[in-house]
Amino acid sequence: MIGLSTNPDGHLVHIQLRTAMMRKVELQTRNESFLSSYRISEPAFQAIDLPYSSLRPLWASLNHRKYEEARTLTMAAMQERRIFPQEERAAMKVALAVAEYHLGSTDNARRLAGRSLDLCPNQYAAHRILLTIYVAHKDFAAAYLHLANLPAPKSIVSWDAALSQKDIQISLAAWAWQLGEWDQVADHLETAYPNGLSEMPAEIREDWFKLALYRGSADDAAAAAASLLDFRSVSGADEILQTIVQSGWIKQALPLYRSIYTKQPENELLRRRLVALCVKEGNLQEARELTRPGALKLAA
């Protein structure tokens, strides 16, 4: 397994081979994880303040996903008999690279993106094309290494498609997820969301819960579960909490079951779960009190 190490700035410093097997956790979930299906967005070609009039029809065609038209217009523009500023030609090669990629010419797209970077290294757009190609080929290690080592442009040209630091960290987390590098995933998500769970959207909190299970972190799993319970039905909440129970984290599961049972004390499933956990934890008095309202139904 590839071990990916980064310095405090998030830049890769070395690759290390690891033979340790990752912890296997079976998750009962109907949905694919957000990070496993995450794709970095392509340049949107929405810029209206373009420095060269030659780019406007190209950007309009690409924005409307008219890739054949964009390729034709770009090739015609590049053949004009005049002197091209480097940035203009770099932008044209980005446009042509995107068109070629969508028309199935991946090798041409990669070559054109590289030439654009030769002309104008200070950009994100061509890098985004290369990253899109890596991910399309499921070469997640190459995508991770490329982005982790990408220095931030010192200034953004007006036709460029910038990436925010959050975009970068989520992308790195997604590719580390694909590689099974759970600690790296956690590092990148913590950088993307420095305020923790309260800042994360629901789909990221769901992945943080799974990540806590993969890493064997009971407290992180409980905190993530607590943040998700209000958005779940009783059966959905029970599914999440049973995953914690099956991981052997009774101490963390018990207060969470208490919390949702307090809101729905008539629910027999929650009462049975809570009684069972109290018995396991030796809280026999609490278990007796929970059985007083009536005999527990045996069916799960």
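Structure's up top.
Residues numbered from 1 in each chain as written. Predicted model: local features only at pLDDT ≥ 70, side-chain atom pairs only at ≥ 80, totals over all residues. Heavy atoms only, no water.

Visitor: Explain the packing of aromatic side chains here, please?
Guide: Aromatic ring pairs are described here by two measures, namely the spacing of the ring centres and the angle between the planes. Throughout the structure, instances matching the rule amount to 5 aromatic pairs. Here Phe 45 and Trp 59 contribute two aromatic rings whose centre-to-centre distance is 5.0 Å and whose plane-to-plane angle is 80°, an arrangement assigned as edge-to-face. In this pair, Phe 45 sits in the loop between strand 2 (12-17) and helix 1 (55-63) while Trp 59 sits in helix 1, placing the two residues 14 residues apart along the sequence. Of the two residues, Phe 45 and Trp 59, both sit in the buried class. Judged by centre distance (5.3 Å) and plane angle (85°), the ring pair of Trp 177 and Trp 182 falls under edge-to-face. Classification of Trp 177 by relative accessible area gives buried; the value is 8%. (Phe/Tyr/Trp six-rings, centres within 6.5 Å; stacked < 30°, edge-to-face > 60°. Helix = DSSP H or I, 4+ residues; strand = E, 2+ residues; numbered from the N terminus. Buried < 20%, exposed > 50% of the residue type's maximum accessible area, 1.4 Å probe, protein only.)

Visitor: Mind showing me how you'd approach the environment of Arg 82 here?
Guide: Inspection of the secondary structure assignment puts Arg 82 in the loop between helix 2 (67-78) and helix 3 (86-102). Within the local environment of Arg 82, its side chain forms a polar contact with the side chain of Glu 80, the two groups lying 2.7 Å apart. A polar contact of 2.6 Å, which involves the side chain of Arg 82, links it to the side chain of Glu 88. (Polar contact = N/O pair within 3.5 Å; in protein donor to acceptor, adjacent residues only side chain to side chain.)

Visitor: What is the right way to look at the pattern of salt bridges in this model?
Guide: Side chains that carry opposite charge are capable of pairing whenever their charged atoms lie near each other. Tallied over the entire structure, the rule returns 13 salt bridges. Between Arg 271 and Glu 268 there is a salt bridge; the shortest N-O distance is 2.8 Å. Taken together, the positions of Arg 271 and Glu 268, both in helix 13 (residues 268-281) and 3 residues apart, correspond to about one turn of that helix. In this structure, a network of salt bridges that share partners links the residues Glu 68, Arg 71 and Glu 100. (Salt bridge = Lys/Arg side-chain N within 4 Å of Asp/Glu carboxyl O.)

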